[in-house]
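Coordinates in review
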Amino acid sequence: RGQAGIQSDGSTSLDPHLGKNDMPVNLVQQSYQLLTNPAVLMQLLPQLKAGFAIDTETTGLLPLYVQMVGLSFSFKKGEAHYIPLRHRALTDAERKGAQACFDLLKPLLEDESVPKIGHNAKFEVEVLYTEGVDARGFVFDTMIASYLCDASRSHGLKFLAQSELDVTMTELDELIGSGKKQM
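Residues numbered from 1 in each chain as written. Predicted model: local features only at pLDDT ≥ 70, side-chain atom pairs only at ≥ 80, totals over all residues. Heavy atoms only, no water.

Before going further, it helps to spend a moment on the sheet that holds strand S8 (residues 138–141). As summarised here, the arrangement of the six strands in space is S3-S6-S5-S4-S7-S8, forming an open sheet in which the pairing is mixed. Of all the strands in the sheet, the pair left with one neighbour each is strand S3 (31–34) and S8. Across this sheet, the average inter-strand angle for adjacent strands is 25°, counted without regard to direction. The sheet contact formed by strand S7 (residues 116–118) and S8 spans three bridges and is parallel. Note on S8: the bridge partner recorded for Lys116 is Phe138. Contacts between helix H2 (residues 92–110) and the sheet are confined to strand S4 (52–58), strand S5 (68–76), strand S6 (79–84) and S7, with S6 contributing the most and set at about 120° to the helix. Sitting on the sheet, helix H3 (residues 121–130) is in contact with S4, S5, S7 and S8, with an inclination near 65° to S4. (Pairing = 2+ DSSP bridges. Helix = DSSP H or I, 4+ residues; strand = E, 2+ residues; numbered from the N terminus. Axes fitted to C-alpha atoms, helices over the stretch in contact; angles between N-to-C directions. Contact = heavy atoms within 4.5 Å.)

Right, let's talk about helix H1 (residues 38–48) for a bit. Listed in full, the buried residues belonging to H1 are Leu41, Leu44, Leu45 and Leu48. For H1, the arc enclosing every buried residue in end-on projection is 135°, short of the 170-degree limit, so these residues lie on one face. Seen from the open side of H1, the exposed residues pointing more than 90 degrees away from its buried face are Gln43 and Pro46. Looking at the buried positions of H1, the neighbouring elements they touch are S4, S5, S6 and H2. Looking at where H1 begins, the residue whose side-chain oxygen comes 2.9 Å from the main-chain nitrogen of Ala39 is Asn37. (Buried < 20%, exposed > 50% of the residue type's maximum accessible area, 1.4 Å probe, protein only. Arc of directions from axis to C-beta. Polar contact = N/O pair within 3.5 Å; in protein donor to acceptor, adjacent residues only side chain to side chain.)

Let us now look at the pairing of S5. Of all nine residues making up S5, seven are buried, and the element is well covered by its neighbours. Where S4 lies against S5, six bridges are found, and the strand directions are antiparallel. Within S5, the residue paired with Ala53 across the bridge is Ser74. Bridging between S5 and S6 involves five bridges; their strand directions are antiparallel. Across the sheet, residue Lys76 finds its bridge partner in S6, namely Glu79. The turn joining S5 and S6, which pair antiparallel and follow one another in sequence, is formed by two residues; a positive phi near 85° is taken by Gly78.

Two elements in contact, H1 and H2, have axes whose closest approach is 9 Å; the angle formed by their N-to-C orientations is 20°. Relative to H2, H1 is oriented roughly parallel. Crossing geometry of H1 relative to H2 is assigned as right-handed. Between H1 and H2, the contacting residues are Pro38, Leu41, Met42, Leu45 and Leu48 on the first element and Gly97, Ala100, Cys101, Leu104, Leu105 and Leu108 on the second. Across the contact of H1 with H2, the residue classes break down as ten nonpolar, one polar and no charged. (Parallel < 35°, antiparallel > 145°, perpendicular 65-115°, else oblique. Left-handed = near helix turned anticlockwise from the far one by under 90°. Nonpolar A, V, L, I, M, F, W, Y, C, P; charged D, E, K, R; others polar.)

On to the packing of aromatic side chains. Scanning the model with the defined rule gives one aromatic pair in all. Seen in terms of ring centroids, Phe52 and Phe73 are 6.3 Å apart; in terms of plane orientation they differ by 70°. Their pairing is edge-to-face. With Phe52 in strand S4 and Phe73 in strand S5, this residue pair connects regions lying 21 residues apart in the sequence. In this structure Phe73 comes out as buried when scored by relative accessible area, which is 1%. (Phe/Tyr/Trp six-rings, centres within 6.5 Å; stacked < 30°, edge-to-face > 60°.)

If you look at the biggest cluster of nonpolar residues, it comprises 26 residues, and the most contacted ones within it are Leu48 and Phe73. If one sorts the elements of this core by residue count, H2 sits on top with six residues. Setting aside its immediate chain neighbours within four residues, Phe73 contacts Leu35, Leu41, Leu44, Leu48, Phe52, Ala53, Ile54, Ala80, His81, Ile83 and Leu105. (Core = buried A, V, L, I, M, F, W, Y, C linked by side-chain atoms within 4.5 Å.)

Structure below.
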């Protein structure tokens, strides 16, 4: 497998044997978009029909007893989108827009022919069920894959992101705050 490096001038050097799919994650330009405008999501729907990864943010760990705070999805390396459903800092217009985005996404979440990837997909399905979504079409679960590769290690998303991709995930409270300052 090839190697990549960052030079002192900030440029990158890539080993010619490094394949396109082997590009280190930290060298891929990253784009994260907050979605509260349904028109923006409408433009993404054709790409989402080819499949996407999803992750829900919730108020706890018991899927049938939590509230979904938001939902993130990605269909392209280095790009992710987040629909903030229940953030305190949203204006009424943003809250309505986020709900409209979620409503637009619902048919794709329920479409079995649209492949979906999740980490602990059973949790995602149960959380979405509490939101009135009959999620179908999960074709891959990274938590199960981790267990099958090495049952003795941790299977948490943060651990796997660090150990497999050399990516340190941003803590949720860094993104949305905590306590009285929480979104």
